[in-house]
Structure formats: C-alpha cells, structure tokens
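# Structural features, examined
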Amino acid sequence: MFCPDRWYARITNITSQYSGYCSEGTKLRKVLNQSKVMRVFLDHNLLLILLFCISSSVSTSIFSSSCQSQGKFDLNEMHQTGDVILGGLFENNMFSADPDLSFILEPRQSNCYGFNVIGYRHAQTMAFAIDEINRNSNLLPDVTLGYSLYDHCNQLRIGFRAALALVSGQEEQVTLEENCVGTPLVLGIVGDSSSTRSIAISSLLGLYRVPLVSYFATCSCLSDRQKFPSFFRTIPSDAFQVNAMIQILKHFGWTWAGLLISDDYYGVHAARSFHSDLGPAGGGCLAYTETFPRDDDPAEFRRIVDVMRKSTARVVIVFTNQIDMINLMKEVVRQNVTGLQWMASEAWSSAAVLQTPHLMPYLGGTLGISIRRGEIPGFRDFMLQIRPDLHHNNTNGKSFWEHTFQCRFAPPPAGWVEAGGEVCTGQEVLENVETELLNVSDLRSEYNVYKAVYSLAYALDDMLQCEPGRGPFSNNTCAHLQKLEPWQLAYYLEKVNFTTTFGDQVSFDENGDALPIYDIMNWVWLPDGKTEVQRVGEVKSSAFKGGEVTLDEDKIFWNFESKQPPRSVCSENCPPGTRMARKKGEPECCFDCVPCSEGKISNTTDSMECTSCPEDFWSSPQRDHCLPKKIEFLSYHEPLGICLTTTSLLGTCICVVVLGIFIHHHSTPIVRANNSELSFLLLLSLKLCFLCSLLFIGRPRLWTCQLRHAAFGISFVLCVSCILVKTMVVLAVFRASKPGGESSLKWFGAVQQRGTVLVLTSVQAAICTAWLVSASPVPHKNTQYHSDKIVYECIVGSTVGFAVLLGYIGFLAVLSCVLAFLARNLPDSFNEAKLITFSMLIFCAVWVAFVPAYISSPGKYADAVEIFAILASSFGLLVALFGPKCYIILLKPEQNTKKAIMGRGTTTYQS
C-alpha cells in the first residue's frame with residue numbers, strides 16, 4: 001500500500017520552506033507551467049514536495065486510519081485481474097489537450113488524442129506476454145498474473161499521474177491497516193518509453209523500491225543506482241549506444257564528425273558520453289555539437305544546417321527523436337546539403353516517416369543503431385483477436401478500431417455520415433486491412449516489452465520458490481504471496497537470468513542495465529526509388545569492453561558516387577617519418593604533420609612523438625626507420641686513401657732506389673763525402689717515415705693506434721738526428737780546415753756520429769715508451785663530428801705525451817735548421833750545408849703548417865693531414881738531400897770526382 005504516513009516524515013523538513021507552493025495548488029502549477037517544467041519535475045526534492053502537496057489537503061487526517069482521495073484520475077487504461085498485478089505505462093495516444101496540472105488538486109478527465117499504433121502494440125505485447133505466462137505451467141504455475149495498463153499520452157504530467165494511480169490505486173477512500181501494511185496495487189511496472197518520464201517516475205518509485213522496468217528509456221543517467229535504486233531496463237544504455245557508434249567511427253576511420261542532439265536528457269547525456277569517450281576510445285573529435293531547439297524555431301534550424309554545410313566533417317551523428325529530424329530535414333532539403341554520411345540513434349534509425357523518395361537523396365546510406373530485433377511466436381494471432389469493448393469505456397480499443405477501419409462509433413460527429421464517413425460496427429475483420437499493428441516482421445521495442453514482462457515474471461517465480469528459513473530477507477525469511485512487497489521483487493529482479501525463445505540471454509548488471517546488444521541498420525535506396533532498411537551488423541557486449549563491432553561491409557549502401565565510405569577527418573593521417581603537431585586552439589584531431597628531426601624516426605601512422613635512434617644508428621632519409629650509422633675512417637678503398645697509400649709506397653720505393661744507387665756507387669767520391677754511413681742511415685729512416693704513414697690508413701685498432709705515433713716519432717727523430725749530425729760534421733770540418741781547428745774533428749768521428757744518433761733516437765724511444773705505458777692511444781668511435789656518422793679515430797690518450805713527442809722532433813728540427821743556416825755561407829766545397837738548410841726549411845715549414853691544419857680537421861681528414869705532413873716532409877728531405885747527388889751520379893758522372901767535389905784549394909774530407 002502506498003501510504004502517506006510512511007513518507008510524510010521524510011519530506012516534512014525539505015518541504016517546510018516550499019509550503020507556500022501548496023496553497024490551493026496555484027503557485028505549484030505556476031512553477032510547473034514555466035518553460036523549465038522538466039527540470040522542476042526531475043529535481044529529487046521537488047518530487048517529494050509534489051507528493052507532499054498532493055496530500056496537503058488531507059493533512060489533518062494523515063495519521064488517521066483512512067485517507068480521502070481528492071478525486072479519481074480518469075485515464076485511458078486496460079485491465080485484467082489476477083493474483084498479482086503488473087503495471088504498464090504506454091503511449092496509446094500521442095497528444096493531450098490538458099493545458100495545466102490541475103489534476104494535482106482537482107479531478108480531471110484526460111483528453112488524449114492522436115492514436116499511436118506502435119504504443120498500442122506495446123500495450124498489446126504486455127497483454128500477450130502475461131497471457132502466455134498464465135498458460136505456461138512451468139512459470140508461476142499457481143499464480144495468475146493480471147495487468148493494469150495506462151496511457152500517458154506522451155505527456156510527463158499524465159505519465160506521472162498514471163504512476164501514482166498504479167502504486168496508490170484510485171479508490172475514493174482507503175482504509176489503512178496498522179503500520180500501513182497490505183498488498184500494494186502493483187508489484188512492478190513496465191515502462192516508460194521516455195528517459196525523461198522514466199527519470200521522474202523512477203525518482204518517486206525508487207523511494208520505496210517499486211521496480212520500474214523500461215523497454216525504451218536509454219539515458220545513461222538512469223544507471224545511477226543511488227538515484228534510481230529500483231530502475232531496470234531491457235534496452236541498452238545510451239552509454240553503450242554511444243560506444244557502439246564510436247566503434248563504427250573507428251572502423252571506418254572517421255575521426256571528424258558533427259553531433260546533433262535533442263534538448264533533453266536523451267541528447268544531453270549522449271553528448272556528454274561522446275565528449276568524454278570519443279577521443280580515448282576512437283581517437284576522434286567532434287567538429288561541432290548543436291542542440292535542437294525545443295520550440296522548433298526555423299531560424300535555429302537554419303543556423304544548425306548552415307554549420308553542417310560549412311564544416312569539413314562529412315559524418316553527422318544525430319541523437320534525437322523523429323520530430324526534430326523531420327524539422328531538420330526540411331531545412332537540409334531547402335539548402336540542398338548533400339554529401340553527408342548520417343549516423344542515427346535508435347530513436348529514429350528505423351523511422352518510416354523519414355524514408356521517403358523526397359528525403360532519400362540526402363538520407364540514403366544512413367547507418368543507424370537499432371534495438372535488437374526479436375521474434376514473438378503467436379503474437380500476430382493474439383492481436384487478430386482484438387475487439388473493441390462496446391459495453392465499457394475502453395477508449396484505447398475503440399480508438400484503435402476507428403483508426404484501423406477509418407470509421408467512428410455512434411454517435412459520430414455531426415456531418416460524419418453525410419461526408420462519406422462510416423459508422424463502426426465492431427464486427428469488421430482485422431485480417432482484411434493492412435495495418436501496422438499486425439506487422440510482426442520487425443519487432444524491436446515490442447521485443448523489449450516482452451523481455452521486461454518476462455523479467456518480472458521470472459523474478460516473481462524465483463521469489464515464490466523461496467524455501468522457508470532459507471530466504472534472503474531478515475532472519476532468513478521469504479516473501480509471501482499474501483504480503484508481497486515491491487522491494488522484495490526488486491531484490492530478485494537484480495538476480496534474474498533467463499533465455500528467451502529467440503535465444504537471447506536476459507539479465508541485469510549491478511546498475512539495472514540489460515546485456516547490451518544492438519543491430520546496425522543501413523538505409524538502402526533502391527533503383528526503383530523505394531527504400532529498405534537492412535541489417536548490416538551487430539554490436540554485442542564484447543564491443544563495450546573494447547572489441548570491434550561485426551559489420552558486413554559488402555551489404556552496406558553508400559550514397560556517394562564512389563560507392564565507398566566517405567573520408568571524414570580534420571587533418572589527413574601523418575605518414576611514418578612525421579609526427580602530429582596540434583593546431584593551437586583547435587581540437588586534437590586537427591594537426592599538422594611535422595617531419596621528424598635528424599636522428600629521430602616515427603614508424604607508425606599518426607605518431608605523436610618521434611623517437612631517437614640508438615647511439616650507433618641514424619634516421620633514414622624518410623625518417624621512418626633507423627639505419628646503422630656510416631662508419632668513417634681513412635680507408636684504403638677510397639680515393640684519398642688510395643692516393644696517400646700510393647704516394648707513401650712511391651716514396652718508399654724511391655728511397656729503396658736511391659739506397660740502391662748509393663750502394664752501387666758507394667766508392668764514388670760523392671757518396672763517400674760526409675760519412676756515407678749517415679747517408680745510408682738517413683735513407684733508411686726516410687723509408688721508415690714513408691712506411692709509418694700507412695699505419696694511419698685503415699680502420700683504427702689498438703695496435704695501430706699504439707704503433708702509428710711511436711713509429712712516426714722514432715722514425716722522424718732518427719731522420720732528423722742523422723741530418724743534425726751531418727750538419728755538425730760539416731761545421732766541424734770547416735773549422736778543422738782553418739789553422740788551429742784540427743782538434744775539433746776528434747769529437748766527430750764515426751763512432752761519435754753513430755753514438756749521437758743512437759742517443760738522440762733513444763730519448764724519443766723513451767718518450768714513446770712512457771707515453772704508451774701511462775696513457776696509451778686507443779681507438780674511439782666519435783659521433784661529435786657528424787651526427788649521422790661514426791668516425792673511427794685514435795685518441796692520443798695523453799695529450800702531454802703527444803706534445804712532448806712532437807716537441808722533441810721540433811726541437812731537433814729547429815736545432816738542425818739553425819746549424820744548417822749558420823753553415824749556409826760556407827765555401828762551395830761545403831755546399832751540402834746549403835742542401836741541409838733548404839731541406840730543414842721545408843721540413844719546418846711543413847710541420848708548422850701541420851699543427852693548425854691538424855687541429856681544425858675532423859675525423860679522417862686529421863689523419864690525412866698528418867699523413868700529408870709526413871709525406872711532404874719526407875719527400876722534402878729526400879729530394880733536397882739526395883736529389884742533387886743522384887743527378888750527378890746518374891746524369892753528370894764527370895762531376896763525380898774528387899777534384900770536382902773539392903774544388904779549388906779546398907781540403908777534402910771522407911769517411
């Protein structure tokens with residue numbers, strides 16, 4: 001029993017501040033008649049205030065044993081008696097002429113019109129399901145179900161009135177038992193078809209856990225168990241419908257779409273889900289979100305269509321009802337906006353009123369989310385038994401009959417018969433007319449009604465099969481048929497689980513939502529101008545968990561010349577080798593494709609970042625993969641290396657040839673002059689200088705790095721030492737040629753000359769040994785010179801050691817040059833001093849130029865510079881010291897005599 005004393009205390013506090021609104025009902029009516037009437041109804045507290053106001057006129061007897069009704073609500077209804085009554089709210093008529101809410105305090109008769117065949121079929125579905133259950137010996141075998149179905153006329157105020165009538169009854173006076181106990185009028189209600197009405201009604205019924213099982217309310221907000229604890233539904237939530245649409249967008253690569261929504265909970269919550277889920281789940285964005293006006297303002301529709309026309313989005317998602325779509329399409333046709341791919345919500349995805357030849361050029365190819373189609377065996381035969389009740393005020397039955405046969409029951413309106421209208425007899429045959437009521441080939445919302453009724457029946461059956469002492473309620477008690485409570489049925493409804501004859505499993509999750517499943521429909525424009533809505537796929541619960549929808553793309557009709565899915569993106573995909581760069585102030589789907597910088601790559605489409613290549617790798621020219629870095633060193637196979645190698649070997653060969661010439665002519669005066677042994681040693685050191693340059697060519701290895709500078713340093717010290725000793729010998733001989741200078745020659749004998757060369761060379765050998773032991777040169781992969789190359793080089797290890805090595809060579813070279821310079825003006829018989837001077841000038845010039853060139857040259861070019869300095873200085877010494885002598889030996893043998901060498905009056909010296 002829905003009793004005032006059970007909720008009076010609960011609402012007294014929150015209604016005290018609003019008590020003025022209950023004075024004669026006038027202020028409350030004023031509030032509810034305002035433009036925001038829906039929001040007032042949906043406010044949880046104001047619903048309680050509404051109940052308080054209904055009972056305010058009998059507040060003096062609120063705690064007495066009886067309640068006096070203010071009047072009977074005269075609603076369109078269908079009834080059938082039974083042991084347990086189930087309620088139903090359906091839209092048998094589409095409109096109401098009731099202009100206000102005077103039903104709150106006054107009895108009023110509902111004035112509904114505009115017969116709705118689909119709504120009437122919903123009501124008949126519930127009647128059929130209950131009749132089928134009553135004939136089923138396995139389900140509720142000892143209980144007869146009845147029903148009480150009301151018509152809400154597509155009006156919130158009438159639907160709310162009907163819900164109150166279902167839970168409270170319409171008796172003029174109700175006698176209350178102690179503690180207000182007693183079996184309520186209905187245990188559960190099937191309805192409503194509207195999310196808005198379901199929110200309002202469920203807010204009320206949820207206070208006392210009266211189950212409301214909707215077959216068409218999809219708003220995701222109804223999944224809030226705190227606000228709607230007894231709400232269930234057999235249609236999936238819009239959250240799943242939105243996700244299904246996102247999966248379709250993702251399947252076809254549509255990342256740029258427009259969204260149109262109705263100005264109610266159905267549209268607002270869908271838009272909220274799209275904005276929160278489209279990016280993470282589908283990687284897409286909304287180009288625009290527009291809301292349909294409630295007052296059907298043509299200017300607002302013009303503005304919306306203008307936005308659609310100017311947008312680059314080719315996909316338009318519409319979450320609204322058929323009325324809004326009709327108004328929208330009028331403007332779409334007027335502006336001739338074609339080339340759009342429409343996606344329809346379940347509210348209009350199968351709307352026959354939009355499937356006309358006039359609109360198909362625009363709406364052809366529409367993809368829609370549709371309620372799961374089911375089959376209800378025997379339903380058509382049941383409806384063929386419908387007859388109008390001529391003896392009772394069965395408004396729905398009479399309205400259906402008049403609508404189907406285009407007649408009127410007596411007394412017809414004045415002039416009806418004269419105008420050719422027929423009078424209904426009630427004996428017309430349904431099978432002889434084409435009526436949408438009998439079309440059972442596409443049962444969708446009806447199938448949900450069917451499942452809703454069976455859900456209540458299975459829950460009731462489970463509840464009545466409870467074993468005493470093992471029940472789920474207080475002290476392990478069970479529910480009793482004589483004292484059933486709605487909240488007890490709600491408990492079992494949460495656990496219901498059965499399979500329909502069509503093979504679909506029915507159960508509810510923790511939020512009261514059914515297992516999600518939708519059909520995907522496609523609007524086909526046939527060559528003959530007719531239209532067909534065909535099923536091209538489905539979305540099951542797996543898609544809600546991240547799986548993909550099932551689509552038969554070969555069956556989809558695309559309303560484009562290409563007969564292919566359209567392209568709808570804000571920015572084209574960024575190919576591998578680029579990254580996405582967001583455009584400032586625009587959605588994340590609008591971006592520029594920026595090429596990856598050197599050394600970074602992206603190997604996937606639409607990469608957000610470019611990744612750096614590993615240390616030994618570098619990006620390809622396309623920046624889409626990493627390649628091993630080019631390895632650079634002075635190679636024997638490249639032109640520069642070949643040239644230097646050839647030059648080095650050429651110098652070595654020349655040294656060998658010169659050495660051979662000198663050996664062959666060792667007895668000639670020009671060879672014997674100035675210690676031929678030093679000449680042979682000098683040629684040998686020059687040959688080593690030429691050969692040590694080869695250690696600088698090829699891939700650096702530990703042994704080559706350690707040997708190259710040591711060999712270079714020792715070879716050049718040996719060479720310069722020989723030249724230094726030669727110079728000192730020339731100076732000593734010159735002094736000995738003067739009176740009193742004979743004693744100076746004793747310090748420059750052959751032994752002293754060899755000893756001096758050995759000592760000077762040993763010092764360099766000691767320097768090299770100390771360097772190699774303390775900080776040996778090692779091979780190194782250098783990536784600083786070139787980012788895309790690995791330069792293999794030898795790092796000197798100890799810069800001090802390398803500087804000392806070069807410095808010692810430089811010291812000896814400078815000393816030789818100075819001594820040779822001092823001897824430059826000796827008589828012609830000592831002309832070798834001039835050759836030494838010239839050779840040392842070449843040597844010093846080369847190595848002075850080498851230092852800055854070596855420092856500024858990167859990688860292999862540093863090695864090339866050092867080789868060039870070695871070869872240049874070696875050739876300078878070879879040509880300057882031995883060129884003139886070879887010229888005389890080979891080409892001027894007549895000058896290779898003692899007399900020619902000694903000149904006039906000059907003392908000779910020989911080894």
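See the structure printed just above.
The notes below deal with the structure included here.

Calculation rules
- Sequence order as written defines residue numbering, which begins from 1 separately in each chain.
- Predicted model: local features are reported for residues with pLDDT of at least 70 only, side-chain atom pairs are reported and counted for 80 or more only, and whole-chain, interface and lining totals are derived from all residues.
- Working from all heavy atoms in the structure, the side-chain values ignore hydrogens and water.
- Helix and strand definitions here come from DSSP, where helices need a minimum of 4 consecutive H or I residues and strands a minimum of 2 consecutive E residues; each element is numbered from the N-terminal end.
- Working definition: with a 1.4 Å probe on protein chains only, accessible area under 20% of the residue-type maximum means buried, over 50% means exposed, and in between means partly exposed.
- Between two residues, a contact is recorded if the distance between any of their heavy atoms is within 4.5 Å.
- Computed by Shrake-Rupley with a 1.4 Å probe, the accessible areas treat only the displayed protein chains as cover when residues are assessed.
- At least two DSSP bridges between two strands are needed for those strands to be called paired.
- The axes used here are C-alpha line fits, helices contributing only the stretch in contact, and every angle between their N-to-C directions lies in the interval 0 to 180 degrees.
- Helix span, as expected, comes to 1.5 Å for every residue beyond the first.
- Here is the rule: rings of Phe, Tyr and Trp (six-membered ring for Trp) pair when centre to centre is within 6.5 Å. Planes less than 30 degrees apart are stacked, more than 60 are edge-to-face, and the remainder are tilted.
- Lysine and arginine charges are scored as sitting over a ring when NZ or CZ, respectively, is within 6 Å of the ring centre and within 35 degrees of the ring normal.
- Oblique is the label for every angle not falling under 35 degrees (roughly parallel), over 145 degrees (roughly antiparallel), or within 65 to 115 degrees (roughly perpendicular).
- Helix crossings get a hand from a simple test, with the near helix turned counterclockwise from the far one by less than a right angle marking a left-handed crossing and a clockwise turn marking a right-handed one.
- When residue character is reported, Ala, Val, Leu, Ile, Met, Phe, Trp, Tyr, Cys and Pro are called nonpolar, Asp, Glu, Lys and Arg charged, and the others, Gly included, polar.
- A patch consists of residues whose relative accessible area exceeds 30% and which take part in no salt bridge; residues with like charges are grouped when within 9 Å of each other, and nonpolar side chains (Val, Leu, Ile, Met, Phe, Trp, Tyr) when within 5 Å.
- When a carboxyl oxygen of Asp or Glu is within 4 Å of a side-chain nitrogen of Lys or Arg, the pair counts as a salt bridge.

Bringing the overall build of the protein chain into the picture now. When helices and strands are counted, the protein chain shows 26 helices and 31 strands. Across the 911 residues of the protein chain, 53% fall into the buried class. Taking contacts inside the protein chain between residues at least 6 apart in sequence as the whole, the part at least 24 apart equals 70%. Surface accessibility of the protein chain: about 41,400 Å² in total, with carbon and sulfur atoms responsible for 54%.

What follows deals with the sheet that holds strand β15 (residues 367-371). Read across the sheet, 8 strands follow the order β12-β11-β13-β14-β15-β20-β21-β22 without closing on themselves; strand pairing throughout is mixed. Either end of the sheet is taken by a strand with one partner, and the two such strands are β12 (285-291) and β22 (550-551). Taken together, the 5 bridges between β15 and strand β20 (residues 518-525) define a ladder with antiparallel strand orientation. Bridged to Gly368 within β20 is Met521. Strands β11 (256-261), β12 and β13 (315-319) of the sheet are contacted by helix α9 (residues 265-282), whose axis makes an angle of about 165° with β12. Where helix α11 (residues 322-335) meets the sheet, its contacts fall on β11, β13 and β14 (341-344), and the angle it forms with β14 comes to roughly 175°.

With that settled, consider the sheet that holds strand β31 (residues 789-795). Read from one edge to the other, the open sheet built from 3 strands follows the order β29-β31-β30, with strand pairing classed as mixed. Across the chains shown, the open sheet's two edge strands, defined by having one partner strand only, are β29 (630-632) and β30 (778-782). The mean angle between the axes of side-by-side strands here comes to 25°, regardless of whether they run parallel or antiparallel. The pairing of β29 with β31 spans 3 bridges and is parallel. Bridge assignment links Ile631 to a residue of β31, and that residue is Ile790.

What follows concerns the environment of Thr218. With respect to the helices, strands and loops of the structure, Thr218 is situated in the loop between β9 (212-214) and β10 (231-233). Remark: the alpha-carbon pair of Thr218 and Arg233, spanning 15 residues in sequence, is separated by 8.2 Å. In this view, Thr218 contacts Ser195, Arg233, Ile235, Pro236, Ser237, Asp238, Tyr266, Glu346 and Tyr518; residues no more than four positions away in its chain are not counted.

With that settled, consider helix α22 (residues 750-774). For α22, with 25 residues, the first-to-last C-alpha span of 36 Å sits near the 36 Å given by 1.5 Å per residue. Among the residues of α22, those classed as buried are Gln753, Val757, Leu760, Thr761, Gln764, Ile767, Cys768 and Trp771.

For the rest of this paragraph, the subject is the packing of aromatic side chains. Within this structure, the stated rule accounts for 37 aromatic pairs. An angle of 40° between the planes, with centres 5.6 Å apart, marks the rings of Phe716 and Phe843 as tilted. Placement of Phe716 in helix α21 (residues 702-736) and of Phe843 in helix α24 (residues 832-856) is noted, with a sequence separation of 127 residues between them. With a relative accessible area of 0%, Phe716 lands in the buried category. Looking at Phe843, the relative accessible area reads 2%, which means it is buried. Note on Phe716 and Trp847: the rings are 5.6 Å apart at their centroids and 80° apart in plane angle, and the pair reads as edge-to-face. Note that Phe716 is positioned in helix α21 and Trp847 in helix α24, a separation of 131 residues in sequence. Members of the aromatic cluster, connected to one another through ring pairs, are Phe712, Phe716, Trp771, Phe802, Phe843, Trp847, Phe850 and Tyr854. Sitting over the ring of Phe232, Arg225 keeps its end group 4.7 Å from the ring centre.

Close contact between helix α8 (residues 238-252) and α9 brings their axes to 9 Å; oriented N to C, the two are set at 45°. Accordingly, the angle class assigned to the pair α8 and α9 is oblique. For the pair α8 and α9, the crossing hand works out as right-handed. Contacts between α8 and α9 involve Asp238, Ala239, Gln241, Val242, Met245, Ile246, Leu249 and Lys250 from the first element and Tyr266, Ala270, Ser273, Phe274, Asp277, Leu278, Ala281 and Gly282 from the second. Broken down by class, the residue content of the contact of α8 with α9 amounts to 10 nonpolar, 3 polar and 3 charged.

Right, let's talk about the side chain of His269 for a bit. Here His269 lies in helix α9. Residue His269 is classed as buried on the basis of its relative accessible area, which comes to 12%. Apart from the residues lying within four places of it in its own chain, the contact partners of His269 are Cys219, Ser220 and Cys221.

This next bit is on a nonpolar patch on the surface. A contiguous nonpolar patch, built from Leu649, Leu684, Leu688 and Leu691 and spanning about 290 Å² of accessible area, is present on the exposed surface. Of all the elements, helix α20 (residues 676-692) adds the most residues to the nonpolar patch, at 3 residues. Summarising the element assignment, Leu684 is placed in helix α20. The partly exposed category is assigned to Leu684, whose relative accessible area is 35%.

Moving on, we get to the environment of Ala344. Looking at where Ala344 falls in the secondary structure, it is placed in strand β14. C-alpha separation for the pair Ala344 and Leu367, spaced 23 residues apart in sequence, amounts to 6.2 Å. Ignoring sequence-local partners within four residues, the contact set of Ala344 consists of Met245, Val318, Ser349, Thr366, Leu367, Gly368 and Ile369.

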